Every structure is written in C-alpha cells, then in structure tokens.
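Structural characterization, general
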Amino acid sequence: MITPMTKKLEAELLWSEEELTKKSKMKSEGAGLLILGIGAMAMGVLNYLLLHILYESNIIWIAVSAGCVVLGVVLSIFGVKLINKTGDSVAEMTAKDSGYSEGGILEFYRECRQTDSLLLSLTPQPTKERDFTKVGFLTKNWLRLPDKIYHGVMRISDLAVIWYEETALPGYDPGIFVVKSDGKMLYAKCKPEVGTEIVDVIAGRNSKSITERFFAYDGKEFDAFRNPQDAANLYRMMQR
C-alpha cells in the first residue's frame, strides 16, 4: 500500500530528530551479563560445596568449580561496564548498518516529513504498535525499504536494480528484491499486488535503475539475483 505522508502518520510511524539522536545507557544488556555472571559464580560455589561426590578426580572437581567462578567474575565485570556504557543512537545504528553518514540519515528522516514523501506499507492501515518497523518511506532523494528498519535506508541514486519476484527463489518467498550500487542485495516478502505497486513507484523516482532480474547489455546477459555485484557494477558504469 502506498500512502502520502500525513501528520498523523508522521506521529505514528516516524522517529523525531530527538529520538534519532538520543543515546542511552546499555542497562538491559549489562544487567543480563551481570545476572549470568552471578549465576555462574553460584554454580561454581555449589559445585565445590555439594557435588564433590560426582567426580572421580579431585582435579576435575576443582577445575570445574574454579572455571565457573572465573567465568562468572568475567561476565560480571563486563556487565558492570556495559551498565555504565552509552550505546549508539538510532541514527548512528542506521548509519552503520546502511553505510551512510549520520548526517545523511537525519536528512532522510527530515525528507520523510516533506509533502512529496510516501509511506510504503506491506499491510493496510499500519499502526505504531503493529507495524512501526514494517513500513518503508520514499522521499525525493531517499528510500527505506519496508521491513528493513536500519540497513534498508539508501539514496535513490544508489538503487541499481529493483524487481518483484513472483516465484519462490532458493531461500526466499515471493517479494521485492533490491540491489544497491555497492552490490548488496535486500529483500522484503510481500504479496504481488503490494509488491508490484511499490516497485513501480520506487523505480519512478530513479529512471536509471534496472527493473528486471534478467537483462542484457552490450551482448552480455545478467542475472541480478545470482550475480548482484555484476549488476551493480554495470549500473555504476552506466552512471559515468
């Protein structure tokens, strides 16, 4: 489903700039490691105090007990460090996964609020609770492929190949396939009536992108699914 962005959809489905740049402590990850560490130390102590009878060798009994305690101490130390560590912001995580700069990611989300931006949804009437990570966005210069919240962000000019595949391919159900200009391939599972519409509107923003899996150029045949890097190389050559 393709829908022009509205203020209501912005509020439901877009991060604000404050949310994009906010960093938070890694308390959950640190607490998890700390709990594992305490558990491992407790296992070591219990093994030493209560389970001696299970071992034929004192050396093995002591080694297992000591190993659990040492592992617990290490996990606890890392857990405490993580609790006090600041994690990446959403913009930073998106930049790392997509290959763009943090400034570029912020530019993309600002463009999402422009009047010519479109919501790309795999389901009708998306809501924040159900579909926040499932939707995509198409702006004048940027695209976020549906169901690819971080690494699905790309510049329209980096869209080398896009097509909808109606037949199941090895390891994939029918869906949208995208090859970026660096050769990386992305995929979003969806139904034909949704996928073909989304492909058409995305390709309309970049008339130079290739819209078929199989194509030929200068006597050479290409298969964008089997050899995405070759297709990307051709696209970059054609832009020169």
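We now turn to the structure provided with this report. Each chain has its residues counted from 1, running along the sequence as written. Where totals are concerned, whole chains, interfaces and linings use all residues; where local detail is concerned, this predicted model gives features only for residues with pLDDT of at least 70, and gives and counts side-chain atom pairs only at 80 or more. In computing side-chain properties, one takes all heavy atoms of the structure into account and sets aside hydrogens as well as water.

**So, the packing of helix α5 (residues 90-98) against helix α6 (residues 102-111)**
Running from amino to carboxyl end, α5 crosses α6 at an angle of 110 degrees, the nearest separation of the two axes being 8 Å. With respect to each other, α5 and α6 are oriented roughly perpendicular. Residues A91, E92, T94, A95 and S98 of α5 form the contact with α6, whose own contacting residues are E102, I105 and L106. Each residue belonging to the contact of α5 with α6 can be placed in one class, and the counts come to four nonpolar, two polar and two charged. In this description, a line fitted to the C-alpha atoms serves as the axis of each element, helices being fitted only across the stretch in contact, and the angle between N-to-C directions of two axes falls anywhere from 0 to 180 degrees. The helix count covers DSSP runs of H or I at least four residues long, the strand count covers runs of E at least two residues long, and both are numbered beginning at the N terminus. Our angle categories are set so that under 35 degrees counts as roughly parallel, over 145 as roughly antiparallel, 65 to 115 as roughly perpendicular, and the remainder as oblique. In what follows, a contact means two residues having at least one pair of non-hydrogen atoms within 4.5 Å. Charged residues are taken to be Asp, Glu, Lys and Arg, nonpolar residues to be Ala, Val, Leu, Ile, Met, Phe, Trp, Tyr, Cys and Pro, and polar residues to be all remaining types, Gly included.

**Some words on helix α8 (residues 192-203)**
Note that an α-helix has 3.6 residues per turn; residues three or four places apart therefore point the same way. In this model, α8 (12 residues) spans 16 Å end to end at C-alpha, consistent with the 16 Å of a helix rising 1.5 Å per residue. Those residues of α8 that sit buried are V194, G195, I198, V199, I202 and A203. With its buried residues spanning 145 degrees around the axis, α8 presents them on a single face. With respect to the buried face of α8, the exposed residues turned more than 90 degrees away are E193 and D200. Residues of α8 that are buried sit in contact with β1 (2-4), β2 (118-120), β3 (136-138), β4 (142-144), β6 (159-165) and β7 (175-180). By definition here, a helix of n residues has an expected span of 1.5 Å times n minus one. When a residue's accessible area, from a 1.4 Å probe over protein chains only, is under 20% of the maximum for its type it is buried; when over 50% it is exposed; and in between it is partly exposed. Working definition: the arc comes from the directions between the helix axis and the C-beta atoms, pointing outward to the latter.

**A look at unusual backbone geometry**
In this model, D147 sits at a positive phi of 70 degrees, which is unusual for a non-glycine residue. Summarising the element assignment, D147 is placed in the loop between β4 and β5 (153-155). Located in the positive-phi region is D218, a residue other than glycine, with phi close to 55 degrees. Position of D218 among the secondary structure elements: in the loop between β9 (214-217) and β10 (220-223).

**Some remarks on the nonpolar core**
The biggest cluster of nonpolar side chains holds 42 residues, and the ones touching the most others in it are F137, I162, I176, V178 and I202. Among the elements that take part in this core, α8 stands out by supplying five residues, more than any other. With residues near it in sequence (within four places) discarded, F137 still touches M5, L13, L14, F108, C112, L118, L119, L120, W142, L143 and R144. What is meant by a nonpolar core is a set of buried Ala, Val, Leu, Ile, Met, Phe, Trp, Tyr and Cys residues, joined one to another through side-chain atoms within 4.5 Å. Within the second largest apolar cluster, 16 residues are counted, among which are A160, L169, A231 and Y235.

**A short note on the sheet that holds β7**
The sheet built from three strands is open, its strands ordered β6-β7-β8 with antiparallel pairing. Each edge of the sheet is formed by a strand with only one pairing partner; in this case those strands are β6 and β8 (185-189). Mean inter-strand twist for the sheet, computed between neighbouring axes without regard to direction, equals 15 degrees. Strands pair, by our definition, only if DSSP identifies at least two bridges between them. Looking at chain direction, β6 and β7 are connected through six bridges and run antiparallel. Within β7, the residue paired with E165 across the bridge is G175.

**Brief notes about the pattern of salt bridges**
Here a salt bridge means any side-chain nitrogen of Lys or Arg lying within 4 Å of a carboxyl oxygen belonging to Asp or Glu. Throughout the structure, instances matching the rule amount to six salt bridges. With a closest N to O distance of 4.0 Å, K7 and E10 form a salt bridge. Taken together, the positions of K7 and E10, both in helix α1 (residues 7-13) and three residues apart, correspond to about one turn of that helix. Judged by its relative accessible area of 8%, E10 is buried. A salt bridge links D173 to K189, with the shortest nitrogen-to-oxygen separation between them at 3.3 Å. Of this pair, D173 sits in the loop between β6 and β7 while K189 sits in strand β8, placing them 16 residues apart in sequence. Taken together, the shared-partner salt bridges connect K7, E10 and R113 into one network.

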